[in-house]
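# Residue-level structure breakdown
Residues per chain, in single letters:
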Amino acid sequence: MHRKLSFTIAEGPIYWRTHRIMELCDYLTASVLEPMFIRDGAKWNRRFMDFFTFDNGCDPLEPTGTIRFAVPPLFAGRVTELETAITQELAKLRIKVGPFKYERDPAHQTVQTILIPITENPTALAAPPDVNMSHTRGYVVLRDLLGYQRVNGRYEFMADDLLKRVSSVTEDRIAACTASPVKGSEGVRRTPSPISMKAVRRCLDEVKQFGLWALNHNHHKLAAV
């Protein structure tokens, strides 16, 4: 499996993607839980325990649904404090929630899990659009087609230059970059792959959308790592 190239704003804020329930879980983990753990002088390894997860009844790729928050044992009895922090963080993003529900410990009646219904999530345009491209495809698109060189493990480019180069890519160049040797009756010939051509066109379109978003939000220097 190829690791994805990560497209970012080279000089600017980190944009959290929060327009899918699964990404919102990561955002709340970083913005609410991690600071609380640090304040309490405690650490936990996210590989072994994620406290924010999505409910099985919802689609994690949708902007709305239900988040399940397993209250860390360290913060047992501090449910109000946790709820306030979660509500404030979501309010910053103008995300609307329904009434919180609880799953309690049958023996002690303490809150074990808080269910957070996300009813409105308008954050889709707040983060850059996704660019879904492997490093291997990145060589073809960024280096071979757009002419960028990787320096110290990253590509850097200006948004306006990126858009100019994307618009100048022709179908012939895409065909040439995706051609591979195919043996036929006349011997071995380099033949373009329709599947690869389609994938490259999709990548170019995603790169274009990323560049347009950056310019519209006044970001000029971009990078892919």
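Above this text is the structure in question.
Residues numbered from 1 in each chain as written. Predicted model: local features only at pLDDT ≥ 70, side-chain atom pairs only at ≥ 80, totals over all residues. Heavy atoms only, no water.

## Topic: the pattern of salt bridges
Per the counting criterion, the structure on display carries 13 salt bridges. The residue Arg201 makes a salt bridge to Glu171 at a minimum N-O spacing of 3.0 Å. Of the two residues, Arg201 is situated in helix α6 (residues 194-216) and Glu171 in helix α5 (residues 171-177); the sequence distance between them amounts to 30 residues. Here Glu171 falls in the partly exposed class, since its relative accessible area comes to 40%. Between Arg202 and Glu206 there is a salt bridge, with the nearest N and O atoms lying 3.0 Å from each other. Taken together, the residues span about one helical turn, with Arg202 and Glu206 both in helix α6 at a distance of 4 residues. (Salt bridge = Lys/Arg side-chain N within 4 Å of Asp/Glu carboxyl O. Helix = DSSP H or I, 4+ residues; strand = E, 2+ residues; numbered from the N terminus. Buried < 20%, exposed > 50% of the residue type's maximum accessible area, 1.4 Å probe, protein only.)

## Notes on the state of the cysteines
Counted by the stated rule, this structure contains 0 disulfides. As a non-bridged cysteine, Cys177 has Cys203 as the owner of its nearest cysteine sulfur, 12 Å distant. Among the residues examined, Cys177 registers a relative accessible area of 28% and is labelled partly exposed. (Disulfide = S-S within 2.5 Å.)

## Concerning the packing of helix α4 (residues 159-167) against α6
Direction vectors running N to C along α4 and α6 enclose 150°, while the axes themselves pass 9 Å from each other. Judged by the angle between their axes, α4 and α6 are roughly antiparallel. Judged by the twist between their axes, the crossing of α4 over α6 is left-handed. Each of Ala159, Asp160, Leu162, Leu163 and Val166 in α4 lies in contact with α6, whose residues at this interface are Leu204, Val207, Lys208, Gly211, Leu212, Ala214 and Leu215. Here the residues of the contact of α4 with α6 are counted per class, giving 9 nonpolar, 1 polar and 2 charged. (Axes fitted to C-alpha atoms, helices over the stretch in contact; angles between N-to-C directions. Parallel < 35°, antiparallel > 145°, perpendicular 65-115°, else oblique. Left-handed = near helix turned anticlockwise from the far one by under 90°. Contact = heavy atoms within 4.5 Å. Nonpolar A, V, L, I, M, F, W, Y, C, P; charged D, E, K, R; others polar.)

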